[in-house]
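Examination of the molecular architecture
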Amino acid sequence: MTIISLFQKGDVAEKIKNAPDSGYQIGVVIGSFIPFVVLVGIAYWMYNRAKKRDENGY
């Protein structure tokens, strides 16, 4: 079930248009950016780890 939900495409503009209030709109916007922020964090962690490995000579 989790794999299927990862491939579902949500239309943020449509959700914001049908939003009941501004709090929901803010939640939709934040929720759409969370996966991007997590991927950037993982990429930075991997880069930093590889950089430290090069400095130590491994």
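Everything quoted here is computed from the prediction, not taken from an experiment.

The next point concerns the overall build of the protein. Helix and strand content of the protein: 3 helices and 0 strands. Written out in order from the N terminus, the α and β elements of the protein read α-α-α. For the protein, the proportion of its 58 residues judged to be buried stands at 3%. Approximately 5500 Å² of the protein is accessible, and the part contributed by carbon and sulfur atoms is 65%.

Where nonpolar side chains cluster on the molecular surface, the patch consists of Ile26, Ile30, Ile34, Val38, Leu39, Ile42, Trp45 and Met46 and spans about 820 Å² of accessible area. Within the fold, Ile30 resides in helix α3 (residues 22-56).

The subject of this paragraph is the confidence of the model for the protein. Residues at a pLDDT of 70 or more form 76% of the protein, whose mean pLDDT is 79. Confidence scores differ between elements of the protein, with helix α1 (residues 2-7) showing the lowest mean pLDDT of 55 and α3 the highest of 88.

The first and last C-alpha atoms of α3 sit 50 Å apart over 35 residues, in line with the 51 Å expected at 1.5 Å per residue. In the structure, α3 departs most strongly from a straight axis at Ile34, where the bend amounts to approximately 30° and where the proline Pro35 lies between one and four residues downstream.

Structurally, the position occupied by Ala13 is in helix α2 (residues 12-17). Classification of Ala13 by relative accessible area gives exposed; the value is 55%. Linking Ala13 and Gln25, residues 12 residues apart in sequence, is a C-alpha distance of 9.7 Å.

About the criteria used
- Residues numbered from 1 in each chain as written.
- Predicted model: local features only at pLDDT ≥ 70, side-chain atom pairs only at ≥ 80, totals over all residues.
- Heavy atoms only, no water.
- Helix = DSSP H or I, 4+ residues; strand = E, 2+ residues; numbered from the N terminus.
- Buried < 20%, exposed > 50% of the residue type's maximum accessible area, 1.4 Å probe, protein only.
- Areas by Shrake-Rupley, 256 points an atom, 1.4 Å probe, with all protein chains shown as cover.
- Patch = residues over 30% accessible without salt bridge, like charges linked within 9 Å, V, L, I, M, F, W, Y side chains within 5 Å.
- Salt bridge = Lys/Arg side-chain N within 4 Å of Asp/Glu carboxyl O.
- pLDDT = per-residue confidence, 0-100.
- Expected span 1.5 Å × (residues − 1).
- Bend = angle between axes of the 7 residues up to and from the residue.

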